[in-house]
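Per-entry structural report
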Amino acid sequence: MKKLHFLLILVLAAAFTFGFGTSLNTFNDYGYHYTVTVDGREIAIPMHVLDKIRTDIGGTDLPDWALMSPDKDGYEGTRTNELYDYIKTLGLEPKPIIVAVMDSGFEMDHPDLKANIWNNEAEINGVAGVDDDGNGFVDDFHGWNFLGKATNLNLEVTREYARLKKEGVSESDEYYMKVKEEYDKKKKEDNEDYDYVKLLANGSREAVAVLQMNNVTTDPKKLQEISGTLKGKVQEAAQKILGTYMLIGAGPKEIIEYEEMYKTKTEVLYDLTLDPSTIIGDNPNVLDEKNYGDNDPSVKISAHGTHVAGIIGSTKKGIGQAPFVKLMYIRVVPSDGDERDKDIANGIRYAADNGASIINLSAGKYFAGNADYVKEAIQYAESKGVLFVVAAGNEGTDIEKTVNYPVKFYKENEQMKFFDNLVCVGASTWMKQYSKDKDPMNLTRKYDLAAPFSNFSQNVVDVFAPGMEIFSTVPGGTYKRMSGTSMASPETAGVAAILKGYFPNLTAAQIKDILMKSSRKYNGMEVKTNELGRVDFAKLSKTGGVVDAYNAFKMAMEMK
């Protein structure tokens, strides 16, 4: 869910990004390539590589639109700000509820999150080293870290390939060939992308060296102020940095750090010898194992978990959907690589057993080692009345045809079956139809309401929610914009939390039903998609709608 390819920016500044000789050329309908000349040799960098860098480390100047209203503000948000204005007139107060955030690690002491941390009072007031509440986890003060000291893991397809090879499965076996083909393809793509990242990083280093030698700032924002006064090689170096900054929204420091991160990524994701259990310390043969990992979910290497948590429960106005919730932190997703099914299932059960009303999981993959164990955990949460909200994925594909895990449906007697407590969420943008006025930098690549990367399915995806350029909390007590169905899912979980907080008697199935029926519809409106071309937005999900907090609250009031 964190590996996204989108956000094309067609800016004139691209024409001098490296100060060599450059051109922007059509690559295909889904992107472009950017040609740079280095040492007399032309090199074409696909725009999806630049898009990815921008997604991971870039920035933009959009307003905090996700909670806004189409009519009042002109942005296709969830109308949550408008809802809270309405609630004030009613004099209502919400009941405190627990939302479990299953993700990659959290800055729990972030200024806008620390007031909303879930406290396990029995453990906090108990004896150190003792399982005071008898739940099988020792000193789980604020949640649990099922990954222990592990930060990056390999991909599930890597683990599957290693398993098949170890078990001596024939290379002519159909499943073996499918796994090997996917492994080889993804490894090749990431290694090629890494080569482009190295090229960009080397260009940044060269420019930085020239500027530092001449005692000139390397900060892009400061360079913008003085670039007109620079001459010769210093001006060329400044143009390299400024052009890259305009193209991907990141300075040389961030790009050079990103190169190192990508190096780790290419080394770890495809490591056939890596056994996650040797790092985590669990017994891989015992799926329902408890107390492995540790009690500290505050790993801060990845910003993803903190960003997701802020979308649900930040106390900063305009960011958190439900600033009254208590956030239970469950670390089950590596900073890079794929989550393990064992951890996902055990995280769901932990949340359900320890009082969570809603669980958000902003992660997903396309291979699974123990899919049924996760399915059983979702059903267990259903039996405990817990709503499970999950991201649809970011590959721009139909997830009925290309099954995404954790499972959003299963089959019995060839019939599709769905969970009454699971909401699958696609990502939307801030515009009904692309508008240059609303998107002057073409962040959406002229896509419309459906984000260009969002997975879809008229039978599997339940609803869409804001998921592009979402402003939220990140480690360091700061904020950042991130994009993905990873962001759309917590927007939905946050609206669900509003419903549960103000109407505590609602069941998980009722909340799901309200979210879907109250979603904002766009009858007959066609949108651009990569895989289907132009298509009726209604055909991309079961509801054909975007989550609308105001509508949902009003519907819940009528049911009261």
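Residues numbered from 1 in each chain as written. Predicted model: local features only at pLDDT ≥ 70, side-chain atom pairs only at ≥ 80, totals over all residues. Heavy atoms only, no water.

Take the overall build of the chain next. Within the chain, the regular secondary structure consists of 16 helices and 18 strands. Out of the 560 residues belonging to the chain, those deemed buried represent 58%. For the chain, contacts bridging at least 24 residues in sequence account for 74% of all contacts bridging at least 6. Surface summary for the chain: the accessible area is close to 22300 Å², and the carbon and sulfur share equals 48%. (Helix = DSSP H or I, 4+ residues; strand = E, 2+ residues; numbered from the N terminus. Buried < 20%, exposed > 50% of the residue type's maximum accessible area, 1.4 Å probe, protein only. Contact = heavy atoms within 4.5 Å. Areas by Shrake-Rupley, 256 points an atom, 1.4 Å probe, with all protein chains shown as cover.)

To characterise two packed helices, one gives the angle between the axes of the helices and the distance between these axes. Put simply, helix 3 (residues 80–90) and helix 14 (residues 485–502) touch, their axes get as near as 12 Å, and they point 15° apart. On the basis of their axis angle, the class for helix 3 and helix 14 is roughly parallel. The interaxial crossing formed by helix 3 with helix 14 has left-handed handedness. Contact residues: helix 3 offers Thr80, Leu83, Tyr84 and Ile87, while helix 14 offers Val495, Ile498 and Tyr502. Looking at the contact of helix 3 with helix 14, its residues break down into 6 nonpolar, 1 polar and no charged. (Axes fitted to C-alpha atoms, helices over the stretch in contact; angles between N-to-C directions. Parallel < 35°, antiparallel > 145°, perpendicular 65-115°, else oblique. Left-handed = near helix turned anticlockwise from the far one by under 90°. Nonpolar A, V, L, I, M, F, W, Y, C, P; charged D, E, K, R; others polar.)

Attention shifts here to the packing of helix 14 against helix 15 (residues 508–517). For the pair helix 14 and helix 15, interaxial distance at closest approach is 10 Å and the crossing angle is 120°. Classified by the interaxial angle, the pair formed by helix 14 and helix 15 is oblique. For the element pair helix 14 and helix 15, the recorded crossing hand is right-handed. Along its contact with helix 14, which presents Thr492, Val495, Ala496, Leu499 and Lys500, the element helix 15 presents Ile511, Ile514 and Leu515. Residues belonging to the contact of helix 14 with helix 15 are distributed by class as follows: 6 nonpolar, 1 polar and 1 charged.

Once that is clear, we can look at the packing of aromatic side chains. Applying the stated criterion across every chain, the model contains 22 aromatic pairs. When the centroid spacing of 5.8 Å and the interplanar angle of 70° are considered together, the rings of Tyr183 and Tyr270 count as edge-to-face. Of the two residues, Tyr183 is situated in helix 6 (residues 174–213) and Tyr270 in the loop between helix 9 (252–268) and helix 10 (276–280); the sequence distance between them amounts to 87 residues. The exposure classification of Tyr183 matches that of Tyr270, with both residues buried. Taken together, the ring pairs connect Tyr86, Phe324, Tyr502, Phe503, Tyr550 and Phe553 into an aromatic cluster. The ring of Tyr292 carries Lys342 above its face, with NZ or CZ at 4.6 Å from the centroid. For the cation-ring pair, Lys438 lies above Tyr75, with the distance from its terminal atom to the ring centre recorded as 5.0 Å. (Phe/Tyr/Trp six-rings, centres within 6.5 Å; stacked < 30°, edge-to-face > 60°. Lys NZ or Arg CZ within 6 Å of the ring centre and 35° of its normal.)

The next thing to look at is helix 6. With 40 residues, helix 6 extends 59 Å from end C-alpha to end C-alpha; this agrees with the ideal 58 Å at 1.5 Å per step. Capping the start of helix 6, Asp173 holds a side-chain oxygen 3.0 Å from the backbone nitrogen of Tyr175, two or three residues further along. Looking one or two residues beyond helix 6, the residue adopting positive phi is Asn215, at roughly 55°. (Expected span 1.5 Å × (residues − 1). Polar contact = N/O pair within 3.5 Å; in protein donor to acceptor, adjacent residues only side chain to side chain.)

Along the chain, Gln224 turns up in helix 7 (residues 220–226). On the basis of relative accessible area, Gln224 is assigned to the partly exposed category, the value being 38%.

The next point concerns helix 13 (residues 371–383). In an α-helix, one full turn covers 3.6 residues, which means residues spaced three or four apart are oriented alike. If you check helix 13, its first and last C-alpha atoms are 19 Å apart, about what 13 residues at 1.5 Å a residue would give, namely 18 Å. Those residues of helix 13 not exposed but buried are Tyr373, Val374, Lys375, Ala377, Ile378 and Ala381. Of the surrounding secondary structure, the elements contacted by the buried residues of helix 13 are helix 12 (341–353), strand 8 (387–391), strand 9 (409–412) and strand 11 (422–428).

Our focus in this paragraph is the nonpolar core. By size, the foremost hydrophobic cluster in this structure holds 62 residues, and its most contacted members are Val325 and Ile358. The element that contributes the greatest number of residues to this core is helix 14, accounting for 9 residues. Of all hydrophobic cores here, the second largest spans 57 residues; its members include Tyr292, Ile344, Ala345 and Ile378. (Core = buried A, V, L, I, M, F, W, Y, C linked by side-chain atoms within 4.5 Å.)

Before going further, it helps to spend a moment on the pairing of strand 8. Among the 5 residues that make up strand 8, 5 are buried, leaving the element largely enclosed by the rest of the structure. Along strand 8, one buried face is formed by Leu387, Val389 and Ala391 and the opposite face, lined by Phe388 and Val390, is buried too. As a crossover connection, the stretch from strand 7 (residues 358–361) through helix 13 into strand 8 is right-handed. Where strand 8 lies against strand 11, 4 bridges are found, and the strand directions are parallel. When the sheet's bridge partners are listed, Phe388 is paired in strand 11 with Leu422. (Right-handed = clockwise from strand over helix to strand, strands pointing away. Pairing = 2+ DSSP bridges.)

Right, let's talk about the pattern of salt bridges for a bit. Inspection of every chain in the model, using the stated rule, returns 28 salt bridges. In this structure, the salt-bridge partner of Arg159 is Glu156, at a minimum N-O distance of 2.9 Å. In this pair, Arg159 and Glu156 are both assigned in helix 5 (residues 156–166), 3 residues apart and thus about one turn of the helix distant. The salt bridge involving Lys342 is made with Asp282; its shortest N-O contact spans 2.7 Å. Of the two residues, Lys342 sits in helix 12 while Asp282 sits in the loop between helix 10 and helix 11 (304–313), which places them 60 residues apart along the sequence. Assigned by exposure class, Lys342 and Asp282 land together as buried. In the salt-bridge network here, residues are joined through shared partners; they are Glu76, Arg79, Glu82, Arg520 and Asp548. (Salt bridge = Lys/Arg side-chain N within 4 Å of Asp/Glu carboxyl O.)

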